[in-house]
Amino acid sequence: MRNYLLKMKAFMLMTLLVVATILSANAQSREVTGTILDATLKDPLPGVTILVKGTTKGTTTDLDGKFRISLQQGEDVLVFSFIGFTSQEVVVGNQSVINIELAEDIRSLQEAVVIGYGTQDKKEITSSVASVGVEQFNRGNFTNPQSLLQGKVAGLNISTPGGSPNAQPTVRLRGISSFGANSSPLVVLDGVIGASIDAVDPNDIESIDVLKDASAAAIYGTRGASGVILITTKKGSSRKGFANVTINTFGSAEQATGLIPVLSPDEFRANRAPTADFGQNTNWRDEILRTAMNGTTNASISGGHQNTNYFASVNYRNNQGVVKNSGRETLNTRLNLSHGALNNRLRMNFNLSFTNTEATDIPGEALLYATILNPTMPIYEGTGENRQFFQPSGFDNNNPVGLINTRTNQTKVRNGLYSYRVEYDIIDNLVISAQFSQDVLNTLNGQYNSRSDRAPGGGAANNGVAQQNTYDRTNTIASANLRYETEIGSGLSMTVLGGVETQLFEDRAFGAQARQFLYDQSWNNLGAAGIRFGENTNLYSNASKSTLNSVFGRANFNFRNMYFFSATLRAETYSGFGAQNQTGYFPAFSAGADLTQIFDMGPFSQFKLRGSFGIVGQLPPSPTLAIGVYGNGNRIQLDPLNLNSAWVAPVQLNNANQFLKWETTREFTVGVDYALFDGKITGSMDYYRRNIKDLLFDVGVNIGQPNPFNPRADQPGQFFPYTAGSIWANIAGLNSSGFEFLMTANNINIGGGVTWTPTAVFTIYKRARIENIGAGGLTLPEIRRGVPGSPGVNNAQVIRNLEGERVGDIYGPRLLNISENGTTVLSTENPDDFEVLGNALPTGDFGLTNQFNFKNWDLNFLLRGSWGHQMLNSYRLFYEGDGNATWNSVITKNTPTSPRISNAPSQISDFYIERGDFIRMDNLQLGYNIPTTSDAISNLRLYAGVQNLFTLSNFTGVDPEVRWGDPTDNGLDQLAPGIERRDTYFIPRIWTLGLTITFK
């Protein structure tokens, strides 16, 4: 009995202890619940991690973003974190319900930078690479994606002289990189190398990365000599069940600005003989200009489900030009689809885009005549059915209103781009991937000069002239690579990439021109022309195919986030070079060290020193330059009375060069990436030296002389003769260098709740110098270019490129004085005695971006400019005097008034060479995010902006933008920069009002 009582007492005691413990635990533990939302979209975030600070205890949110967690005494702080979002710490206190919103961590999203064939953590990059995300893009009405980067990347100059809606910008990275081959950076769109820039709409771009130096671009071998621009388009969400629809629409009004001042009709009469007065008061520019009303709409849907995400968009742009009958209309569609299978070890990506563009251009000379034509002349002559456009008599006089209404120039571009990519994790750290892509471009150009086109040699003289020209290009790429990541020692990690690639280039062109139409048929009915051979007719077709095969490899090393090293090698074989020189090897090395990980550097949170060296190549502009290509000669009719006796004999277009080889660029770069005060200030600095050898160039030769580049196999030591007037050869070198600077101050609090984020970039160029001109007996002490034109200056070549001197030097006499009768007196008329008057290439560029935020308001504007370049002002050269009865006089602040110039020019002089330095307010935008509590709308933004608000410059021409070359029928002549031609399109000021709305 006693033992029983003892057992009962023990049991009751234990029960009391358990109850007390439970009561005590209940007194100390509590439950906290809540919901986590996306701060931008206001959508629930599934999978958010909630941890008790300092422990591993935690939970995650469900599909509705809800969580539940039990806390013990002393567990007072919760940490909320989610990939791609800024973490938050919350002190619980007495709260039992905690609802928070997580904001996107823009900085973390930008840590992974796109490089060739993959990505790399920004901290590990040891080459010169710039990354610009969607938040940093220029804001405004841009038809070309490259304009998003204008003024944003140190060393990258993007210029579009004039304001034609159909003009493509000239892009130069670190200045001139070639003068016979391509100098524009390679475009890689979602991994598709050399993709058409028309294949993407600016609205669809997520980020743009720029590989600036040769070590970064060497992974692309022969195509990276001028730098690489990597464009990444938007993707769908990886969050389950997430989808949204975004509509961005804006309208704009454009007006021409900066028109060159000329005499009014009354002033013209006062300065001309009475016979020059036609009795009218015509403002020719007003007659061809308009306020262009444009509209753009972008609609996109993005989302994800399970292991699939998608992004689809439609973009429509209608861009009128400020000159009547000019404009551009574009419809672009895109689908990006990604899917993961086998527990996401297999990942598949499919990208498809299609772009349809219709562009209408006006004759460039209409812009000239609208400025300088006699303002007393009428627009029309005759009445009723006999009314027609007035046609001035004499040389170089045309009615601009007639030109834009009687000449048609339309271009239709169809561009389809698709790519398939698949990745598979063989093991956790070994990934195999393959990609196939095809970029198809079809261009149709049609031109018609109407029977009512009365300009000399125009449509009326030929009873109408019509032509069609087609150009088709297909770029097919197949590639595969292996990527292996591993730890190879204590703190030492390695990533190795190896791959193969083949690229097939196919081009085809066709064109036909005919004349003499019974009535106007436009260019869609060439069969209605009565004359299809002889003068002002044409028929041609051509095609070419070439192959580029490559093997490449890259190794990256990271030692404890302190020291970094990278090595790249690419070997390529191209069918378009001489048989003995078709394979080239392009290595690169780079290294860096973050000194802040090694020792304390005070305010610096990053100070990464880096250095790199690389060799890259350059493809020729055509795959047929190494062989003697034959084309069609003149049509010869042996019997004037018998058409069947007509033949076209072949003629050699260029001479063979069995030794033609790669143009190679060697570049050395040292730089530093820095951050101060925990990332409040970030930036980079770079110094580079570039040496280019074996430049590809088309050199004039004497027909019949031995061709040292084409030896005879049947007769050792003998050579075939030159049978054409030129040959492509590797003839010279270029040396240049420069300094680049970037700094961003993040979210400076300037008081009153206003934050300011300024970003400054600037570049200083040491202009390229030509070396070692000549090869194989080709002696070229200088290369002359740049003829200003007629009247009077159509034999003067004003740009001289001499061995050992700078590219783009402008030569000419100096103006000594202007005599009392208005005659200009020059220092010399002998071209051999001309002196350097300036240089057409800039010595520096800068860009200053400013972002202000206040509550729901934001203000963004960009100031940019260039300095150090001189330009020939062609308008002043030809039309500053009062000596012509049918041309108006240009009157700028540099125009002499006492006495006024009276004689026509015979040479340029320093008087017409002006500094092109400028500062331009490129774009300004004010936006307001309208608060909304709607369950259907997550974002509602209204914005207004202006582009080209003002330009500060002493240049008195149309546009002080850098002219990197002279436009020709065969492209840009890069040895003739700095000439502002008289057909430069007027610059518009663009006012924009838009709305962005996102539906959940």
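From a predicted model like this one, the values you see are computed outputs, not experimental measurements.

## Considerations on the overall build of the chain
No. 1: Scanning the chain for helices and strands turns up 8 helices and 59 strands.
No. 2: For the chain, whose C-alpha radius of gyration is 34 Å, the value lies close to the compact-globule estimate of 30 Å for 1000 residues.
No. 3: Taking all 1000 residues of the chain together, 50% fall into the buried category.
No. 4: When the accessible surface of the chain is summed, it comes to about 44,100 Å², and 55% of that surface belongs to carbon and sulfur atoms.
No. 5: Both charge centroids of the chain, one from 79 positive and one from 87 negative side chains, sit 5 Å from each other.

## Notes on the sheet that holds strand 52 (residues 870-873)
No. 1: If you walk across this open sheet you meet the 3 strands as 53-52-58, and the pairing is mixed. Each of the sheet's edge strands pairs with one partner strand only, and the pair in question is strand 53 (913-915) and strand 58 (979-980).
No. 2: One ladder, built from 2 bridges, connects strand 52 with strand 58; its direction is parallel. Along strand 58, the bridge assignment pairs L872 with I979.

## Quick look at the packing of aromatic side chains
No. 1: Per the counting criterion, the structure on display carries 24 aromatic pairs.
No. 2: Taking 6.0 Å as the distance between ring centres and 45° as the angle between the ring planes, the aromatic pair formed by F878 and Y879 counts as tilted.
No. 3: Take F878: its relative accessible area is 7%, and that puts it in the buried class.
No. 4: Taken together, the aromatic side chains of Y574, F577, F586 and W662 make up a single cluster linked through ring pairs.
No. 5: Its guanidinium or amino end placed over the ring of F564, K608 lies 5.9 Å from that ring's centre, counting from NZ or CZ.
No. 6: Taking the ring centre of F878 as reference, the NZ or CZ of R982 above it sits at 3.8 Å.

## Some details on unusual backbone geometry
No. 1: Residue P791 is bonded to the preceding S790 through a cis peptide linkage, with omega at 5°.
No. 2: Checked against the element boundaries, P791 lands in the loop between strand 44 (782-785) and strand 45 (799-802).
No. 3: For the bond running from S898 to P899, omega is 0°, close enough to zero to count as cis.
No. 4: Mapped onto the elements of the fold, P899 is located in the loop between helix 8 (874-879) and strand 53.

## Here we look at the side chain of T296
No. 1: Inspection of the secondary structure assignment puts T296 in strand 18 (residues 292-305).
No. 2: When residues no more than four places from it in sequence are discounted, the contact partners of T296 are N141, N203, N248, T249, F250, Y316 and R317.

## Some points on the nonpolar core
No. 1: I288, V323, Y875, Y879 and I908 are the most contacted members of the largest nonpolar core, which has 46 residues in total.
No. 2: Residue assignment for this core shows that the elements contributing at least two residues are helix 5 (284-288), helix 6 (364-372), helix 7 (400-406) and helix 8.
No. 3: The residues contacting Y879, other than those within four sequence positions of it, are L368, I372, D396, W887, N888, S889, V890 and R982.
No. 4: Counting 25 residues, the second-largest nonpolar core is a separate cluster that includes F179, V701, I731 and A768.

## Details of the pairing of strand 24 (residues 407-427)
One face of the sheet, then the other: side chains in a regular strand alternate in exactly this way.
No. 1: Two elements, strand 21 (residues 346-361) and strand 24, share 16 bridges in a ladder whose sense is antiparallel. When the sheet's bridge partners are listed, T357 is paired in strand 24 with V413.

## Some words on the pairing of strand 11 (residues 156-159)
No. 1: The alternating pattern of strand 11 places L156 and I158 and N157 and S159 on opposite faces, both of which are buried.
No. 2: Bridging between strand 11 and strand 12 (residues 170-173) involves 4 bridges; their strand directions are antiparallel. In the sheet register, I158 faces strand 12, and the bridge partner there is V171.

## Let's talk about the confidence of the model for the chain
No. 1: Considering every residue of the chain, the mean pLDDT works out to 89; 95% of them sit at 70 or more.
No. 2: Below a pLDDT of 50 lies the segment residues 106-110, which in the model reaches 8 contacts outside its immediate sequence neighbourhood of four places, other chains included.

## Quick look at the environment of G633
No. 1: Counting through the fold element by element, G633 comes out in strand 33 (residues 630-637).
No. 2: Here G633 is in contact with V648, A649, P650 and V651, once residues within four sequence places are set aside.

## What about the sheet that holds strand 7 (residues 100-102)?
No. 1: Judged by pairing direction, the sheet is mixed, and its 3 strands sit side by side in the order 4-1-7 without closing on themselves. Of all strands in the sheet, those with a lone pairing partner are strand 4 (66-71) and strand 7, marking the two edges. Neighbour-to-neighbour, the strand axes of the sheet open up by a mean angle of 35°, direction not taken into account.
No. 2: With 6 bridges connecting them, strand 1 (residues 30-38) and strand 4 associate as antiparallel partners. Paired with R30 across the two strands is L71, which belongs to strand 4.

## Looking at the environment of L156
No. 1: Secondary-structure assignment places L156 in strand 11.
No. 2: On the accessibility criterion, L156 (6% relative accessible area) is buried.
No. 3: Separated by 16 residues in sequence, L156 and R172 have C-alpha atoms that sit 5.9 Å apart.
No. 4: Ignoring any residue separated from it by four or fewer positions in sequence, one finds L156 in contact with L149, V171, R172 and L173.

Conventions and cut-offs
Residues numbered from 1 in each chain as written. Predicted model: local features only at pLDDT ≥ 70, side-chain atom pairs only at ≥ 80, totals over all residues. Heavy atoms only, no water. Helix = DSSP H or I, 4+ residues; strand = E, 2+ residues; numbered from the N terminus. Rg over C-alpha atoms; globule rule 2.2 N^0.38 Å. Buried < 20%, exposed > 50% of the residue type's maximum accessible area, 1.4 Å probe, protein only. Areas by Shrake-Rupley, 256 points an atom, 1.4 Å probe, with all protein chains shown as cover. Lys, Arg positive; Asp, Glu negative; His and termini not counted. Charge placed at Lys NZ, Arg CZ, Asp CG, Glu CD. Pairing = 2+ DSSP bridges. Phe/Tyr/Trp six-rings, centres within 6.5 Å; stacked < 30°, edge-to-face > 60°. Lys NZ or Arg CZ within 6 Å of the ring centre and 35° of its normal. Contact = heavy atoms within 4.5 Å. Core = buried A, V, L, I, M, F, W, Y, C linked by side-chain atoms within 4.5 Å. pLDDT = per-residue confidence, 0-100. Axes fitted to C-alpha atoms, helices over the stretch in contact; angles between N-to-C directions.

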